[in-house]
Amino acid sequence: GAEDGTFAEVLHPRTGRFSNVYEESKCEAEHLVTDLCRQHALQLTILCPSIVIGCSHTYAPAGTSSGLYGFIREIHRLRRRLERTSEVVRVQADPHTPLNFIPVDAVMRDIMALIESDFAPGPILHLSAMGGVSVGHLVASISRQLGIENLTVACSDPDSLSPLEQLLSRRITFYGSYLRSRKEFSRSLPTRWEVRDEDFMRFVAEGVR
């Protein structure tokens, strides 16, 4: 949701502040399936991946067309407008906010290990990476790959935004909370995955391509 902090592997309250209806629906679904399994004495494990990106071997997009790739797509749609202006265009975000990206093959390795252990750790598990890529590095990587030189990241007064900045802000509204809320996810699984900055640039290059 729209909260900051370190998050445990537990059910989160339905009354939390959500970034969008998609997040709210996932929280509601977790509660519904948990209640149903308790009623019928069914074993339950809920797997919560962070932001899934492509394969760590090929860097090609996989797993989802939203997340990183949806954000790249929105910047790409404004590329010509950004190139036609000399003004510095600000992405409304905290450049130091970490984003937890995990390659799709790492997610699948975690799932296969859980299958082999009969989902022993349960009942709620984060499939997340250790550490994160900053929003500043995300925007800089996309800008570099698209050849955009006037895009920056800043937390600014909404009333001070230019028309182009307002348009950009509307286009990335879905991602707004992720760009400003600092989140860390506890992880009980023993494996440790990490996306280094230099590897992330290759993921972005493939996403742009």
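Everything in this summary refers to the structure shown in the same document. The written sequence of each chain sets the order in which its residues are numbered from 1. With the structure being a predicted model, the display of local features is reserved for residues of pLDDT at least 70 and the display and counting of side-chain atom pairs for 80 or more, all residues being used for whole-chain, interface and lining totals. The basis for every side-chain value is the complete set of heavy atoms in the structure, and neither hydrogens nor water enter the calculation.

### Observations concerning the overall build of the chain
The cut-off we apply is this: Only DSSP runs of H or I reaching four residues or more are called helices, and only runs of E reaching two or more are called strands; each is numbered from the N terminus. The atom set for the radius of gyration is the C-alpha atoms, and the globule formula is 2.2 Å times the number of residues raised to the power 0.38. Each residue gets one of three labels from its accessible area relative to the maximum for its type: buried under 20%, exposed over 50%, partly exposed in between, using a 1.4 Å probe on protein chains only. The contact criterion used is simple: two residues touch if any of their non-hydrogen atoms lie within 4.5 Å. All accessibility values rest on the Shrake-Rupley procedure with a 1.4 Å probe; residue burial counts only the protein chains present in the view.
Per the secondary structure count, the chain includes 8 helices and 10 strands. Computed over its C-alpha atoms, the radius of gyration of the chain comes to 19 Å, within 12% of the 17 Å expected for a compact globule of 209 residues. Overall, the chain is about 60 × 40 × 25 Å in size when its C-alpha atoms are taken along their principal axes. Evaluated residue by residue, the chain yields a buried proportion of 42% over its 209 residues. If you take every contact in the chain between residues at least 6 apart in sequence, the share linking residues at least 24 apart comes to 81%. A total of about 11400 Å² of accessible surface is found on the chain, and carbon and sulfur atoms cover 54% of it.

### Some points on the environment of Cys48
Here Cys48 is to be found in strand S2 (residues 46-49). For Cys48, a relative accessible area of 19% corresponds to the buried category. Each C-alpha atom of the pair Cys48 and Lys26 lies 10.0 Å from the other, and the pair is 22 residues apart in sequence. Apart from residues no more than four positions distant in its own chain, Cys48 is found in contact with Glu30, Ile124, Leu125, His126 and Leu127.

### A short note on unusual backbone geometry
Its identity is not glycine, yet Ala41 carries a phi of approximately 55 degrees, on the positive side. Mapped onto the elements, Ala41 comes out in the loop between helix H1 (21-39) and S2. Here Ala41 falls in the exposed class, since its relative accessible area comes to 72%. Here the phi dihedral of Tyr59 falls at roughly 70 degrees; this positive angle occurs in a residue that is not glycine. With respect to the element layout, Tyr59 can be found in the loop between strand S3 (51-53) and helix H2 (67-77). For Tyr59, a relative accessible area of 10% translates into the label buried.

### Side note on the packing of aromatic side chains
Applicable threshold: Stacked, tilted and edge-to-face are the three classes applied to pairs of Phe, Tyr and Trp rings, where Trp contributes its six-membered ring and a pair requires centres within 6.5 Å; stacked means planes under 30 degrees apart, edge-to-face means over 60, and tilted covers the rest.
Evaluation of the coordinates by the stated rule reveals 6 aromatic pairs. With centroids separated by 4.9 Å and ring planes inclined at 70 degrees, the aromatic side chains of Tyr59 and Phe203 adopt a geometry described as edge-to-face. In this pair, Tyr59 sits in the loop between S3 and H2 while Phe203 sits in helix H8 (residues 197-208), placing the two residues 144 residues apart along the sequence. Taken as a pair, Tyr59 and Phe203 share a single burial class, namely buried. Residues Phe174 and Tyr175 carry aromatic rings whose centres are separated by 5.3 Å and whose planes lie at 80 degrees to one another, so their mutual orientation is edge-to-face. By relative accessible area, Phe174 is classed as partly exposed at 37%. When its relative accessible area of 12% is taken as the criterion, Tyr175 is described as buried.

### Re the nonpolar core
To be explicit about the condition: To define a nonpolar core, start from buried Ala, Val, Leu, Ile, Met, Phe, Trp, Tyr and Cys residues and group those joined through side-chain atoms within 4.5 Å.
Core analysis: the largest hydrophobic core is formed by 33 residues, its most contacted members being Leu68, Phe71, Val91, Leu151 and Leu179. When contributions to this core are tallied by element, the ones reaching two or more residues are H2, strand S4 (89-92), helix H5 (135-146), strand S9 (151-154), helix H6 (163-171) and H8. Ignoring sequence-local partners within four residues, the contact set of Leu68 consists of Ile51, Ile53, Phe101, Leu138, Phe200 and Val204. Of all hydrophobic cores here, the second largest spans 11 residues; its members include Val52, Ala106, Ile111 and Leu189.

### Comments concerning the side chain of His126
What counts here: Polar contact criterion, stated in full: a pair of N or O atoms within 3.5 Å, where within protein one must be able to donate a hydrogen and the other to accept it, and residues adjacent in sequence count only if both atoms are side-chain atoms.
With respect to the helices and strands, the residue His126 is situated in strand S7 (residues 124-127). We classify His126 as buried; its relative accessible area is 6%. Reaching out from His126, the side chain makes a polar contact with the backbone oxygen of Ser186 at a distance of 2.7 Å. Sequence-distant contacts of His126, that is, excluding residues within four places in its chain, are made with Phe7, Ala8, Glu9, Cys48, Phe185, Ser186, Arg187 and Leu189.

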